[in-house]
Amino acid sequence: MAGSIIHRKRRKLKSEINVVPYIDVMLVLLIIFMVTAPLLNLGVDIELPQSNARPIEQKKEPVVISLNREGQLWLVLQGGKNTPVTQAEMVAQVGAFVRNNKDVPVYVAADSDVEYQKVYDVLTALQTQAQVPRAGLMSQAAGADAK
């Protein structure tokens, strides 16, 4: 047997990465995140604090939309008169004003007794219909007397 030649077949090396385990891990992580994400912000009781922060310095006069206890809207455009408006008029006027003055601040001021849903409806109308990129909420400084 000394004269017999043994031929061994050489196997080709695989240069592929087996991605099946990675896909399994990603699917498990996806399921975990899908289950836990809705649970992260349920049932949070909050009591909003008063602010002692300094007012923001603005170069331009802001657009102010006021909402009184009865749900009526009032609009002040760049230091003008406080005029009563409907929501459709407010959307049209503020939208046109913001399109011409891109960096003008827009604030919503509401009476403390107004339902949060009404304030949210005004903010939503400003964002979706009037195309206002940012709208802020006005507040009264802590300890300041109401007029």
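In this text, all values refer to a predicted model and were calculated from it rather than measured experimentally.

**Some details on the overall build of the protein chain**
For step 1, the next point in the chain: Looking only at helices and strands, the protein chain has three helices and five strands in total.
For step 2, the next point in the chain: Ordered by position in the sequence, the α and β elements of the protein chain form the string α-β-β-β-α-β-α-β.
For step 3, the next point in the chain: Every one of the 147 residues in the protein chain was classed for burial, and the buried ones make up 20%.
For step 4, the next point in the chain: Restricting to contacts in the protein chain with at least 6 residues of sequence separation, those with at least 24 account for 58%.
For step 5, the next point in the chain: With an accessible surface of roughly 12,900 Å², the protein chain has 57% of that area assigned to carbon and sulfur atoms.

**Examining the side chain of Asn 68**
For step 1, the next point in the chain: Along the chain, the position of Asn 68 falls in the loop between β1 (63-67) and β2 (73-76).
For step 2, the next point in the chain: At a separation of 2.8 Å, a polar atom in the side chain of Asn 68 contacts the main-chain amide nitrogen of Gln 72.

**Things to note about the nonpolar core**
Nonpolar side chains in soluble globular proteins tend to be buried together.
For step 1, the next point in the chain: Counting residues in each nonpolar core, the largest one holds 21 residues, and the members touching the most others are Val 63, Ile 65, Met 90, Val 94, Val 122 and Leu 126.
For step 2, the next point in the chain: Here Met 90 is in contact with Ile 65, Leu 73, Val 85, Gly 95, Val 122 and Leu 126, once residues within four sequence places are set aside.

**Examining the confidence of the model for the protein chain**
For step 1, the next point in the chain: A residue-level look at the protein chain finds 80% of positions with pLDDT of 70 or above and a mean pLDDT of 79.
For step 2, the next point in the chain: By mean pLDDT, strand β5 (residues 136-137) is the weakest element of the protein chain at 84, and helix α1 (residues 20-36) is the strongest at 91.

**Examining helix α2 (residues 87-100)**
For step 1, the next point in the chain: Counted at 1.5 Å a residue, the expected span for α2 with its 14 residues is 20 Å, and the 20 Å between its end C-alpha atoms agrees.
For step 2, the next point in the chain: Taken residue by residue, α2 has Met 90, Val 91, Val 94, Gly 95, Phe 97 and Val 98 as its buried positions.
For step 3, the next point in the chain: At its buried positions, α2 is contacted by β1, β2, β3 (83-85), β4 (106-110) and α3 (116-128).

**Section: the sheet that holds β1**
For step 1, the next point in the chain: Ordered by their spatial adjacency, five strands build an open sheet running β3-β2-β1-β4-β5, and the pairing between neighbours is mixed. The open sheet has two edge strands, β3 and β5, and neither has a second partner.
For step 2, the next point in the chain: Pairing between β1 and β4: five bridges, direction parallel. Counted as the bridge partner of Ser 66 is Ala 109 from β4.
For step 3, the next point in the chain: Packing of α2 onto the sheet brings it into contact with β1, β2, β3 and β4, and relative to β3 it is tilted by some 115°.
For step 4, the next point in the chain: α3 rests against β1, β2, β4 and β5 of the sheet, and its axis sits at about 165° to β4.

**Looking at the packing of α2 against α3**
For step 1, the next point in the chain: Orientation of α2 relative to α3, taken along the N-to-C sense of each, is 40°, at an axis distance of 10 Å. As far as their axial angle goes, α3 and α2 are oblique. Here the hand of the crossing between α2 and α3 comes out right-handed. Along the contact surface, α2 presents Gln 87, Met 90, Val 91 and Val 94, while α3 presents Asp 121, Val 122, Ala 125 and Leu 126.
For step 2, the next point in the chain: Looking at the contact of α2 with α3 residue by residue, the classes come out as six nonpolar, one polar and one charged.

**Here's the deal with a nonpolar patch on the surface**
For step 1, the next point in the chain: A cluster of nonpolar side chains, contributed by Ile 17, Val 19, Tyr 22, Ile 23, Leu 27, Leu 30 and Met 34, occupies part of the molecular surface with about 750 Å² of accessible area.
For step 2, the next point in the chain: Mapped onto the fold, Leu 27 is located in helix α1.

Parameters at a glance
- Residues numbered from 1 in each chain as written.
- Predicted model: local features only at pLDDT ≥ 70, side-chain atom pairs only at ≥ 80, totals over all residues.
- Heavy atoms only, no water.
- Helix = DSSP H or I, 4+ residues; strand = E, 2+ residues; numbered from the N terminus.
- Buried < 20%, exposed > 50% of the residue type's maximum accessible area, 1.4 Å probe, protein only.
- Contact = heavy atoms within 4.5 Å.
- Areas by Shrake-Rupley, 256 points an atom, 1.4 Å probe, with all protein chains shown as cover.
- Polar contact = N/O pair within 3.5 Å; in protein donor to acceptor, adjacent residues only side chain to side chain.
- Core = buried A, V, L, I, M, F, W, Y, C linked by side-chain atoms within 4.5 Å.
- pLDDT = per-residue confidence, 0-100.
- Expected span 1.5 Å × (residues − 1).
- Pairing = 2+ DSSP bridges.
- Axes fitted to C-alpha atoms, helices over the stretch in contact; angles between N-to-C directions.
- Parallel < 35°, antiparallel > 145°, perpendicular 65-115°, else oblique.
- Left-handed = near helix turned anticlockwise from the far one by under 90°.
- Nonpolar A, V, L, I, M, F, W, Y, C, P; charged D, E, K, R; others polar.
- Patch = residues over 30% accessible without salt bridge, like charges linked within 9 Å, V, L, I, M, F, W, Y side chains within 5 Å.
- Salt bridge = Lys/Arg side-chain N within 4 Å of Asp/Glu carboxyl O.

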